[in-house]
Amino acid sequence: MTSRQVDPPSACLSSALWGLISDEDLSYPEVLAGLERIGGYLAGTWDPPDGSHGPAIVGDGSWPALIGRIGAVALRAAAASTRPEHREALLGLLDVWAGTPLADPTARLRTGGAHAATGAVRGEAGATIATGWPHGDHCVVLQMRTGDADPPEFGEPNHWVELPRGWGDPEQLRRLVALVRERGPMAWDPQAARRLSEQTGVSRAGAALLLIGDAGGMSTTAPLDREQRRMLGLGPAETGAGYDELAWLTGYDRLDLFGHVLPEDPAELWEPAGPAALADRIGAAWRARYGRSVPAPETSLAVVAELAPVDWHTSAANVCSAFLAPETHPLTSRDHGTWLTDRSGGVLCIGEDENFLRFERFPVSMAGTLPVVYAELPAGDPVRAGLPATVGALRARLDHPGLLLEAGDLPYLHQDVDRLIGLFGKRPYAGPRPLTAASFDDGLTVVTIEEPTERSPRTVARVYFRPAHYGDDERSALLREVVPKPSAVRDAVDVLRGDWCTRVLDRVAGDTLPAGGYESNPALSAPETVTRVERVLGVTADAAALYLQLLVLARPSDRRVRLWNGWNTPRHRQAAAALVTAGVVVTDKRAHAGRELFLRGAWAGARKPLWPIETWKANLLGIPLLGDKLVWGDPTWRLTLPELFAHAWDLVERGQGPG
């Protein structure tokens, strides 16, 4: 087999593959020739030069993940929006791949680990090679078996995994490459994106990204430029939201999702019905792995995306879809069993399927989003209306005895094993898979001791807990004492199960507001308190309601006040003028406030994503202050808004109001 120097296209191969494999070392001229040599060594058609035992390492060794999933690369190569330089790099890879055993559906390939620095060995029964640089005395190996006996090996091989086979035999790869070169990329059909959105429940932008093989919140390739967005019919903000919506997908998720969705005959992609058929296949693959969610109304989604503390673990779209259909959402509709297992360098919490990673952070996102949905969406909004059922379903998931979640870590407690035994007993953790790490399990809390490794040079005690057994008993008090610092997951469980949450759900389920009304409007949610303010201050009902909003609400911008209250600008100004005349507020211009009316007293400024606020109100809401200029964290108040309006006014009447 003759190796050839590969031309310039490989210079951007790393960025073209980003998000499928994250290898930054693939962009050099010899990388494709290196893969050819690897294929030739495995097949026995290329011999290493004198002084060399085998082919050189290519990249960081992550490329074997493409074996059996090369269809994901082919999809991106054929997509209409792929950058020309990326397309050339991907086509070059597909062309080389087709000429190696990596594309042969009959090749018997498997990967594993070996206790060796690196190596390569070949015999009559096959070959074994190191695919990446070693970590200590361990390397990842790829093996091809060509006979009945086991191929020769080096080191101490272990953890063999048979590699999947699927779309992408040599004929299919060469045909797709030829079609792209002859006809150009497949046509973009916006109807296919809508079709995929309907089948999966992801947004139109998310569906568009799925159709081009570019699904992920980090922008799996360089962010789409104006021309690419124009082709897909997406705006900048919509594109960003689509990436965020799919951010929880890992590289293996994308490879498994896209690896088998192309048609047996690639030419079908260029047929009029090709995009729609591709959407159907991606939709089926998505539903098989993740189920179908319900898309949220754009107005609801925009509010949650702007105000809720969602992140790449759980996007605004995913949270909203749970509120809309908890009975079918993959994270709220069924229990999630998790357990601990050994990993390289420590202990890992894993689960039964692909959804467990999403569920780890899901209670945190839901607990943080709940106040926004309750206070910022109007009565009758379908996302808000789903609060009671969704929280009920989530509480049921947290009651599953097989669920184990992270509670934090204890950097120093590992130094006193006797104290750990005294706190949690001698019984070790006993899960489906035995742990080699030391562990202590009292039924609620599991503590593991992770020894130092090259990647993590310190020993640490990590803490996990079973929410089903977490409550007000002695074991729960011990957990709070041992891990006293804020624990996002544990705090979220406290919120979702707490009395405040129950009272909020009662407010939503009780139809206490007229359709279209907001809980943030005290004229609707706390009319008795508005009457008290009106009587004491001698102002109109509008002015009294506005004063309560300024006292209580963290972000009462002029735009939002008018939305909540249904006011036009003149009505708002009239209420504001009455409060100024009463001497209880001041007018000013303050950065990032979005308003000109403020409570008297000290002011704490902030930079995005934090927001500025009156110091008195920050203390009322439990928002920590850093000095007198920065606001840090989210409100920790645990009163419904009607209760909070009444409490704030009580303070004012007692002379404890803003200065």
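If you're wondering where the values come from, they're calculated on a predicted model, not measured in any experiment. (Residues numbered from 1 in each chain as written. Predicted model: local features only at pLDDT ≥ 70, side-chain atom pairs only at ≥ 80, totals over all residues. Heavy atoms only, no water.)

Details of the overall build of the protein
This is how it is decided: Numbering of helices and strands runs from the N terminus; a helix is a DSSP stretch of H or I covering at least four residues, while a strand is a stretch of E covering at least two. Think of it in three bands: with a 1.4 Å probe and only protein chains considered, a residue is buried below 20% of the maximum accessible area for its type, exposed above 50%, and partly exposed in between.
The secondary structure content of the protein amounts to 27 helices and 17 strands. Reported as C-alpha extents along the three principal axes, the dimensions of the protein are approximately 95 × 65 × 40 Å. For the protein, buried positions account for 53% of its 659 residues.

Points about the packing of aromatic side chains
Where we set the bar: Aromatic pairs are defined between Phe, Tyr and Trp rings, using the six-membered ring for Trp, whenever the two ring centres lie within 6.5 Å; interplanar angles under 30 degrees are classed as stacked, those over 60 as edge-to-face, and all others as tilted. Only when the NZ of Lys or the CZ of Arg is both within 6 Å of the ring centre and within 35 degrees of the ring normal is a charge said to sit over the ring.
In this structure the tally under the stated criterion is six aromatic pairs. Judged by centre distance (6.4 Å) and plane angle (85°), the ring pair of Trp63 and Trp97 falls under edge-to-face. With Trp63 in the loop between α2 (31-43) and α3 (71-78) and Trp97 in helix α4 (residues 84-98), the pair connects residues that are 34 residues apart, well separated along the chain. This pair shows no difference in class: Trp63 is buried, exactly as Trp97 is. The aromatic ring of Tyr41 is capped on one face by Arg122, whose charged end is 4.5 Å from the ring centroid. Stacked on the ring of Trp611, the Lys or Arg Arg555 has its end atom at 3.9 Å from the ring centre.

Notes on the side chain of Asp253
Put simply, the test is: In protein, a polar contact requires one atom able to donate a hydrogen and another able to accept it; more generally it is a pair of N or O atoms within 3.5 Å, and residues adjacent in sequence count only if both atoms are side-chain atoms.
Along the chain, Asp253 turns up in helix α10 (residues 251-258). A distance of 2.8 Å separates a polar side-chain atom of Asp253 from the backbone nitrogen of Thr250.

Re the sheet that holds strand β5 (residues 157-162)
Rules: Only strands that DSSP links by at least two bridges are regarded as paired with each other. All axes here are fitted lines through C-alpha atoms, helices being fitted over the stretch that makes contact, and every angle between N-to-C directions spans 0 to 180 degrees. Contact definition: two residues touch when any of their heavy atoms are within 4.5 Å.
An order of β2-β3-β4-β1-β5 is seen for the five strands of this open sheet, with the pairing classed as antiparallel. Pairing within the sheet leaves two strands with one partner each, and these edge strands are β2 (120-123) and β5. Put simply, the sheet's adjacent strands are angled 20° from each other on average, direction ignored. Sheet analysis places strand β1 (residues 108-114) next to β5, joined by four bridges and oriented antiparallel. Bridging from a neighbouring strand, Gly113 pairs with Asn158 of β5. Its contacts with the sheet put α2 on β2, β3 (126-130) and β4 (139-145), and the angle it makes with β3 is roughly 145°.

A closer look at the pattern of salt bridges
Oppositely charged side chains may form a pair once their charged atoms are brought near each other. So the rule is basically this: In what follows, salt bridge is the name for a side-chain nitrogen of Lys or Arg lying within 4 Å of a carboxyl oxygen of Asp or Glu.
The full count for this structure, using the stated rule, is 30 salt bridges. Where Arg195 meets Asp280, a salt bridge forms, and the shortest distance between an N and an O atom there is 2.7 Å. Here Arg195, found in helix α6 (residues 190-200), pairs with Asp280, found in helix α11 (residues 274-290); they are 85 residues apart in sequence, far enough to count as distant. We classify Arg195 as partly exposed; its relative accessible area is 36%. Residue Asp280 is classed as partly exposed on the basis of its relative accessible area of 26%. Residue Arg475 pairs with Asp473 through a salt bridge whose shortest N-O separation is 3.5 Å. A relative accessible area of 30% places Arg475 in the partly exposed class.

Focus on helix α7 (residues 204-211)
Counting buried positions along α7 yields seven of eight residues, so the element is predominantly enclosed. Buried residues of α7: Ala205, Gly206, Ala207, Ala208, Leu209, Leu210 and Leu211, and no others. Looking at the packing, one finds that the buried side of α7 touches α3, α6, α9 (236-245), α10 and α11. Backbone geometry just downstream of α7 places Gly213 in the positive-phi region, at approximately 70°.

What about the environment of Leu524?
Note on placement: Leu524 falls in helix α21 (residues 522-525). Considered as a pair, Leu524 and Pro514 are ten residues apart in the sequence and their alpha carbons are 8.1 Å apart. Setting aside anything within four residues of it in sequence, one finds Leu524 in contact with Leu513, Pro514, Gly517 and Tyr518.

Considerations on the packing of helix α16 (residues 387-398) against helix α20 (residues 499-509)
What counts is decided by this rule: As a working rule, the residues Ala, Val, Leu, Ile, Met, Phe, Trp, Tyr, Cys and Pro are called nonpolar, Asp, Glu, Lys and Arg charged, and the rest polar, with Gly in that last group.
It is the contact of α16 with α20, at a shortest axis distance of 9 Å, that shows an interaxial angle of 145°. Of α20, the residues touching α16 (which contributes Leu387, Pro388, Val391 and Arg395) are Cys501, Thr502, Leu505, Val508 and Ala509. Its residues placed into classes, the contact of α16 with α20 shows seven nonpolar, one polar and one charged.

A closer look at the environment of Pro134
Tracing the chain through its elements places Pro134 in the loop between β3 and β4. Distance in space between the C-alpha atoms of Pro134 and Glu528 is 71 Å, their sequence separation being 394 residues.

A short note on the nonpolar core
Selection rule: What makes a nonpolar core is a set of buried Ala, Val, Leu, Ile, Met, Phe, Trp, Tyr and Cys residues whose side-chain atoms join them at distances within 4.5 Å.
One finds Phe465, Leu546, Tyr547, Leu551, Val552, Leu579 and Leu641 to be the most contacted residues of the largest nonpolar core, which totals 95 residues. Among residues more than four places away in sequence, those in contact with Leu579 are Ala543, Leu546, Tyr547, Leu550, Val584, Val585 and Leu597. Listed in part, the 84 residues of the second largest apolar core include Ala77, Leu93, Trp248 and Ala279.

With respect to the side chain of Asp381
Let me state the cut-off plainly: Charged-residue counts in this description rest on Lys and Arg as positive and Asp and Glu as negative, His and the chain ends being excluded.
Along the chain, the position of Asp381 falls in the loop between α14 (356-376) and α15 (382-385). Salt bridges are absent for the buried Asp381, whose nearest opposite-charge side chain, Arg384, sits at 7.6 Å. Polar side-chain contacts of Asp381 include one of 2.5 Å to the side chain of Ser300.

Looking at unusual backbone geometry
Comment: phi is negative for the bulk of residues other than glycine, and the bulk of peptide bonds are trans. Phi is positive for Asp511, which is not a glycine, with a value near 50°. Among the structural elements, Asp511 can be located in the loop between α20 and α21. Within the chain, His592 stands out as a residue other than glycine whose phi angle is a positive 65°. Along the polypeptide, His592 turns up in the loop between β12 (585-587) and β13 (597-599).

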